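Remarks on the overall topology
Here's the letter readout for the chains.
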Amino acid sequence: MLNALSLPLAPELGPWATPADRTRVGFLRNNGREGPLDHDAAAKARVAESLAELLGLDYAGVVEAAVPSDRPLYLVPSDTLTSLEDARRLGIRGPEDFFGGVVPHAFVATKLVSHPLVRPEADAPAGWCTDAEWRERIQGATLPGWSVFTPADAREAARRLLVGGSLRLKDPAGVGGLGQWVVHNLDELDTHLLALGESRIARAGLVLERNLRRVVTHSVGQARVGPHLASYHGTQVLTTNHRGVEVYGGSTLRVVRGGFDALLEDAAEDAVRRAVERARVFHDAVMAAYPGTMASRCNYDIAEGVDDAGRAWCGVLEQSWRIGGASGAEIAALHALHRDPGLRRVRASTCETYIGPDTDTITLPPGAWLLYDGPDAHGGRLVKHVTVSRDVDA
């Protein structure tokens, strides 16, 4: 059922301005890949360039991990930084020095922190929080489920969940809806566990949670860039890639100047308020459980739907503390709010379109910002663009 929310809300991202010693913005490619930028990194680099314009700083382009400490950059990492030591080495002293997030352990940047262990003494990586208060708070903000690191714990979690219907098995690092499987019984689960392998499960973990139907996925987030702060609620759409797989196709955001309080004040629908409140509780719980975690950009996906028995649920699916698919819309909205100090809210959208081989040209909406037009991971053509409108209810 939809639970009443009685947990404390998270504090806003703190106020700050761009430090005086930052004169350039650099896109930090920290995902371990080399060579030409793929479509994802190329679009993110384009957003980083626009972010430099917003801050009034020069754009240094793509930078390597070894940034000279005597010339610190305002950094836009391609992925969440998973080491506090690495963040310090890069000249990051706080959220005002970069766009994204820093976590003390790699697993904190994945879907794993959306759920507790099946029991406090279950296998887990070093640094895992087993605090009972955290467990209660995280379960109040997410769907029923568990994070596991052994096949035996996966079966135990599945037995609990299957009593109420099908479950969803997730690769904790999967993106864009990939790496997920609906499981209806233990035999199906065992097939997946065998394919994944015990060593991979021990190393990367798995998430098992209540599977929902008729799902609406809300996006709730906040972006702080220098003195510019905006918060938003939005929804995602799926599209079909060139291989016939449903993947992320874009987001439409209602972006409000200010913090989460302004977003809640602006929200007219109960569903939106539920999503915002779940996101804030989740944010607060994770930040408290894993000291050192910091973010100048946070995005939370919240699912609202029904299970196999028709019971309604609402909970956070995952978090993102890195530049992401919706960041083009976030930064475009901040530009619009910056240009017009009297403007309170805008609607900003990202769209990812897979173009067939028989299409030579496409027509973008008037005023659209083209982020990327080129090959996707499999060689097909992919176009990404952003639009912004003052008509937030269109």
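My aim in this report is to walk through the structure given alongside it, one point at a time. This one's a predicted model, so the numbers in the text were calculated from it and none came from an experiment.

1. Quick word on the overall build of the protein
- On a plain count of helices and strands, the protein comes out with 9 helices and 17 strands.
- A compact globule built from 394 residues would reach a C-alpha radius of gyration of about 21 Å, and the protein, at 21 Å, matches this within 12%.
- Considering only C-alpha atoms, the protein reaches an extent of 55 × 50 × 45 Å along its principal axes.
- Taking as baseline every contact in the protein between residues at least 6 positions apart, the subset at least 24 positions apart corresponds to 68%.
- Of the roughly 17000 Å² that the protein leaves accessible, carbon and sulfur atoms contribute 50%.
- Counting 42 positive and 50 negative side-chain charges, the protein places the averaged centre of each group 1 Å from the other.

2. With respect to the sheet that holds strand β15 (residues 345-355)
- The strand order across the open sheet built from 8 strands is β14-β13-β9-β10-β11-β15-β17-β16, with neighbouring strands paired in antiparallel fashion. The open sheet has two edge strands with one neighbour each: β14 (312-320) and β16 (369-375). Going across the sheet, the axis of each strand differs from the next one's by a mean of 20°, ignoring polarity.
- The pairing of β15 with strand β17 (residues 381-389) spans 9 bridges and is antiparallel. Residue pairing for β17: T353 is matched across the bridge by V383.
- Strands β9 (213-225), β10 (228-240), β16 and β17 of the sheet are contacted by helix α1 (residues 39-55), whose axis makes an angle of about 155° with β16.

3. Observations concerning the packing of α1 against helix α9 (residues 327-339)
- Running from N to C, α1 and α9 point in directions that differ by 20°, and their axes come no closer than 10 Å. Judged by the inter-axis angle, α1 sits roughly parallel to α9. When you trace α1 past α9, the crossing you get is left-handed. Here α1 contributes V47, S50, L51, E53 and L54 to the contact with α9, which in turn contributes S327, G328, I331, L334, H335 and H338.

4. Digging into the sheet that holds strand β8 (residues 206-210)
- What the 4 strands build is an open sheet, ordered β5-β8-β6-β7; its pairing is antiparallel. Both outer strands of the open sheet, β5 (145-148) and β7 (180-183), are each paired with one neighbouring strand and no more. Each strand of the sheet is rotated relative to its neighbour by a mean of 20°, with strand direction disregarded.
- Here 4 bridges tie strand β6 (residues 167-170) to β8, and the two strands are oriented antiparallel to one another. Along β8, the bridge assignment pairs K170 with V207.
- Helix-sheet contacts for helix α5 (residues 186-196) involve β6, β7 and β8, and the interaxial angle to β7 is about 150°.

5. Let's talk about α1
- Compared with the 24 Å implied by 1.5 Å per residue over 17 residues, the 25 Å span of α1 between its first and last C-alpha is a close match.
- Turning to α1, its buried residues number three or more, namely H39, A41, A43, K44, A45, V47, A48, S50, L51, A52, L54 and L55.
- Once α1 finishes, G56 follows within two positions and takes phi at roughly 75°, a positive value.

6. Structural notes on the pattern of salt bridges
- Enumeration according to the criterion identifies 24 salt bridges in this entry.
- In this structure, R280 engages D261 in a salt bridge whose closest nitrogen and oxygen atoms are separated by 3.2 Å. Remark: D261 occurs in helix α7 (residues 260-266) and R280 occurs in helix α8 (residues 270-289); sequence separation between them is 19 residues.
- Using a relative accessible area of 4% as the deciding quantity, one classes R280 as buried.

7. Things to note about the nonpolar core
- Counting 55 residues, the largest nonpolar core has L208, Y290 and W321 as the members making the most contacts within it.
- Sorting elements by how many residues they give to this core places α8 first, with 10 residues.
- Residue contacts for Y290: discarding those within four places in its chain leaves P104, H105, F107, V108, V113, G127, W128 and C129.
- Counting 41 residues, the second-largest nonpolar core is a separate cluster that includes A48, L55, V255 and A329.

8. Looking at the pairing of strand β3 (residues 74-77)
- Residues Y74 and V76 of β3 are buried on one face, and the alternating residues L75 and P77, pointing to the opposite face, are buried as well.
- One ladder, built from 4 bridges, connects strand β1 (residues 24-28) with β3; its direction is parallel. Paired with F27 across the bridge in β3 is V76.

Cut-offs used in this document
- Residues numbered from 1 in each chain as written.
- Predicted model: local features only at pLDDT ≥ 70, side-chain atom pairs only at ≥ 80, totals over all residues.
- Heavy atoms only, no water.
- Helix = DSSP H or I, 4+ residues; strand = E, 2+ residues; numbered from the N terminus.
- Rg over C-alpha atoms; globule rule 2.2 N^0.38 Å.
- Contact = heavy atoms within 4.5 Å.
- Areas by Shrake-Rupley, 256 points an atom, 1.4 Å probe, with all protein chains shown as cover.
- Lys, Arg positive; Asp, Glu negative; His and termini not counted.
- Charge placed at Lys NZ, Arg CZ, Asp CG, Glu CD.
- Pairing = 2+ DSSP bridges.
- Axes fitted to C-alpha atoms, helices over the stretch in contact; angles between N-to-C directions.
- Parallel < 35°, antiparallel > 145°, perpendicular 65-115°, else oblique.
- Left-handed = near helix turned anticlockwise from the far one by under 90°.
- Expected span 1.5 Å × (residues − 1).
- Buried < 20%, exposed > 50% of the residue type's maximum accessible area, 1.4 Å probe, protein only.
- Salt bridge = Lys/Arg side-chain N within 4 Å of Asp/Glu carboxyl O.
- Core = buried A, V, L, I, M, F, W, Y, C linked by side-chain atoms within 4.5 Å.

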